[in-house]
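Fold and contact review
So you can see what is in the structure, the chains are spelled out below.
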Amino acid sequence: MRTQVAIIGGGPSGLLLSQLLHVRGINSVVVERKTKDYVLGRIRAGVLEQGLVALMEEAGCANRMHAEGFIHNGALISYGDEMFRIDFSEHTGTPVMVYGQTEVTRDLYAAREAAGGRIEFSVEDVVIHGADSDAPQVTYTVDGEARRIECDFVAGCDGFHGVSRKTIPDDVRREYEKVYPFGWLGVLSETPPVNHELIYANSARGFALCSMRNENLSRYYIQCSLDDCVEDWTDDAFWAELKRRIPKDQADKLITGPSIEKSIAPLRSFVTEPMRWGRLCLCGDAAHIVPPTGAKGLNTAASDVHYLYNALRDFYENGSEVGIDGYSATALARVWKAERFSWWFSSVMHRYPGQSDFDLKMQIAELEFLRSNKAAQTAMAENYVGLPY
Ligand code: FAS
Ligand code: PHB
């Protein structure tokens, strides 16, 4: 088959790009390795920057988000039984939207299907051919049947474990990585959130995060060992540990319940350069990963999509390759700032093996400075709500 843009990966990056291109009359085909139900079964991000909200509006997919999402004007940071609030709106005039990535993805699937968008599920053996030519192709199989897409561009939106990044030759590609010596154990429970805003907790026993999806669906995380398995953690053990890591007044009002999802995510910082090779452009987790501490994973995927969408529009509407030629440098400039914030916030909030007493004092000093200094709070807020595209 023939299309203008072949998109590998039917996660939020690929779907958002496909829907935005559709709105501008640019054709695309999405090929996804898993089934739609499998993709929608992943529980991941929960906080959307205004940039992503605006892209969903531009894509015509924002109605349910505005109806069911929650505007948050701030978040809480605790250390021991101390707790203070960062007021995003006071410092930046901008809030964040609390609306699960699962729902973003569901809305995007619904929009693509309503528009008759072509999405191929359960594909295998995806190979990108001629990425460094002006007539790339993508081959793959579905149920053993070989298929081929002829296109102008390939968008590699296939996440950290996809094939796109590795299509860029080893002597062209440069990778930067930091693996954190801990993971996050996450629980979803049909219980009211402990607080109406998120609580990021630094405790002597490790990091914890209290988040939510709606008034009766809460999302909690605790830092855990990389040696842990989900089976090691009963619900009771999880709740007891979470209570030990958040301020007592919060722990006393925590409503617990059975987990409906429980998973462990490893944490890493990772960036691939360049994000473009010929007619192949990488978007989202295919190009970069952040520790979820700063809620930047999905949101940085969104800014990649913004840059690539506008570059492709410029190509098809004006015949200009300026946007495509500048895509990698433009996207990476913002990616590295998101990497920095996510690394910094993770370094302040987690317990690291082998931390010295001095290191711990530095964490508390960082938090006390953030608590007491307006400029520090403004910098934190500007990064959390999302730096400009
Ligand atoms: P995705 O990985 O979401 O999507 C890529 C898609 O490509 C997948 O559907 C995959 O099946 C498909 N694919 C892979 N290889 C393919 C191939 N060869 N052919 C075809 N399709 C292929 N971010 C936050 O902000 N907060 C969080 O709390 C948070 N938690 C996370 C927990 C986990 C376990 C993980 C892995 C990530 C988490 N993230 C979080 C980051 C996450 O939200 C990503 O940033 C976001 O999913 C990025 O979206 P995509 O770039 O679309 O990549
Ligand atoms: C979530 O709700 O899943 C969430 C929120 C904020 C983060 C990470 C995860 O920083």
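Quick look at the structure, then. (Residues numbered from 1 in each chain as written. Chains lettered and ligands numbered in written order. Predicted model: local features only at pLDDT ≥ 70, side-chain atom pairs only at ≥ 80, totals over all residues. Heavy atoms only, no water.)

1. Things to note about the site of ligand 2
In the region of ligand 2, 14 residues are neighbours, and Y200, S211, R213, Y221 and P292 sit closest. Between S211 and ligand 2, the recorded distance is 2.6 Å, taken from a side-chain N or O atom to an oxygen atom. Note that an oxygen atom of ligand 2 is positioned 3.0 Å from one of the backbone N or O atoms of T293. For ligand 2, whose accessible area on its own is 280 Å², the fraction buried by protein is 98%. Of all the secondary structure elements, the ones that give two or more residues to the shell around ligand 2 are β15 (208-214) and β16 (217-224). In terms of residue count, β15 provides more of the shell around ligand 2 than any other element does, three residues in total. Taken together, the residues of the shell around ligand 2 break down into eight nonpolar, three polar and three charged. Viewed by domain, the shell around ligand 2 spans two of them, domain 1 (5-70 + 98-177 + 268-346) and domain 2 (180-267 + 350-385), each represented by three or more residues. (Near = heavy atom within 4 Å. Polar contact = N/O pair within 3.5 Å; in protein donor to acceptor, adjacent residues only side chain to side chain. Areas by Shrake-Rupley, 256 points an atom, 1.4 Å probe, with all protein chains shown as cover. Helix = DSSP H or I, 4+ residues; strand = E, 2+ residues; numbered from the N terminus. Nonpolar A, V, L, I, M, F, W, Y, C, P; charged D, E, K, R; others polar. Domains from an automatic or database assignment.)

2. Observations regarding the packing of aromatic side chains
This model, assessed by the stated rule, comprises 21 aromatic pairs. Ring centres 4.8 Å apart and planes at 90° place the aromatic pair F153 and F315 in the edge-to-face group. Of the two residues, F153 is situated in strand β12 (residues 153-156) and F315 in helix α10 (residues 297-318); the sequence distance between them amounts to 162 residues. Both residues of the pair, F153 and F315, belong to the buried class. (Phe/Tyr/Trp six-rings, centres within 6.5 Å; stacked < 30°, edge-to-face > 60°. Buried < 20%, exposed > 50% of the residue type's maximum accessible area, 1.4 Å probe, protein only.)

3. A look at the pattern of salt bridges
Summed over all chains, the structure comprises 27 salt bridges. Here K36 ties to E113 by a salt bridge, and the two come within 2.9 Å at their closest N and O atoms. Note that K36 is positioned in helix α2 (residues 36-40) and E113 in helix α6 (residues 101-114), a separation of 77 residues in sequence. E120 serves as the salt-bridge partner of R118, at 3.4 Å between the closest nitrogen and oxygen. Accessibility expressed as a relative area gives 38% for R118, which makes it partly exposed. Here E120 falls in the buried class, since its relative accessible area comes to 8%. (Salt bridge = Lys/Arg side-chain N within 4 Å of Asp/Glu carboxyl O.)

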